[in-house]
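If you want the building blocks of each chain, they are given just below.
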Amino acid sequence: MEQKIHQGRNVKRFREMLGIKQETLAFDLGEEWNQKKISMLEQKDVIEDNLLKQISDALKIPVQAFQNFDEEQAVNLISCNFSDNAMFNNRIEVFNNNSIEDIKKLHEEKIALFERMLKEKDEMMARLEKLIKK
């Protein structure tokens, strides 16, 4: 038997994962909303599409996440992929992708450092020349 997706519970899960309180979501949805109304909304099996769109915009989560997220399938997927035996078969690679802006910033800092070093060298040479002339 196919288990039905509980959209209200999904709204609650995503809201809690984001650390957003019911009052905050109510404020984002407009003046006619309050904490109690959000609580009732989160108990609904099915939420109207236009309301899901408003919630999606407020939480910045796609509407499909509320419509399709099934906790049981997610837990099953995680347990299959991250069991003790599976951990050795999965390679987790971390890539350090520096943005062009970060690279430019580092380059500019390096240039500034070289310029300071050259200035200090010139000052030292001037002092040495004064010492030699004495």
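Residues numbered from 1 in each chain as written. Predicted model: local features only at pLDDT ≥ 70, side-chain atom pairs only at ≥ 80, totals over all residues. Heavy atoms only, no water.

- In the nomenclature of an unreviewed UniProt entry, the protein chain corresponds to Transcriptional regulator from the organism Flavobacterium hercynium.

1. Considering the packing of aromatic side chains
Part 1 of the argument: Within the structure shown, the criterion is met by one aromatic pair.
Part 2 of the argument: Plain terms: the ring middles of Phe14 and Phe66 are 5.6 Å apart, the flat faces sit at 85 degrees to each other, and that makes the pair edge-to-face. Highlighted residues: Phe14 in helix α1 (residues 7-17) and Phe66 in helix α5 (residues 63-68), separated in sequence by 52 residues.
Part 3 of the argument: Lying across the ring of Trp33, Lys37 places its NZ or CZ 4.5 Å from the centre. (Phe/Tyr/Trp six-rings, centres within 6.5 Å; stacked < 30°, edge-to-face > 60°. Helix = DSSP H or I, 4+ residues; strand = E, 2+ residues; numbered from the N terminus. Lys NZ or Arg CZ within 6 Å of the ring centre and 35° of its normal.)

2. Thoughts on the nonpolar core
Part 1 of the argument: One finds Val11, Leu25, Leu29, Trp33, Ile55, Leu59 and Phe66 to be the most contacted residues of the largest nonpolar core, which totals 19 residues.
Part 2 of the argument: Where this core is concerned, the elements lending two or more residues are α1, α2 (22-29), α3 (35-41), α4 (49-59) and α5.
Part 3 of the argument: With five residues, α4 is the largest single contributor of residues to this core.
Part 4 of the argument: Apart from residues lying up to four places away in sequence, Trp33 is in contact with Ala26, Ile38, Leu41 and Leu51. (Core = buried A, V, L, I, M, F, W, Y, C linked by side-chain atoms within 4.5 Å. Buried < 20%, exposed > 50% of the residue type's maximum accessible area, 1.4 Å probe, protein only. Contact = heavy atoms within 4.5 Å.)

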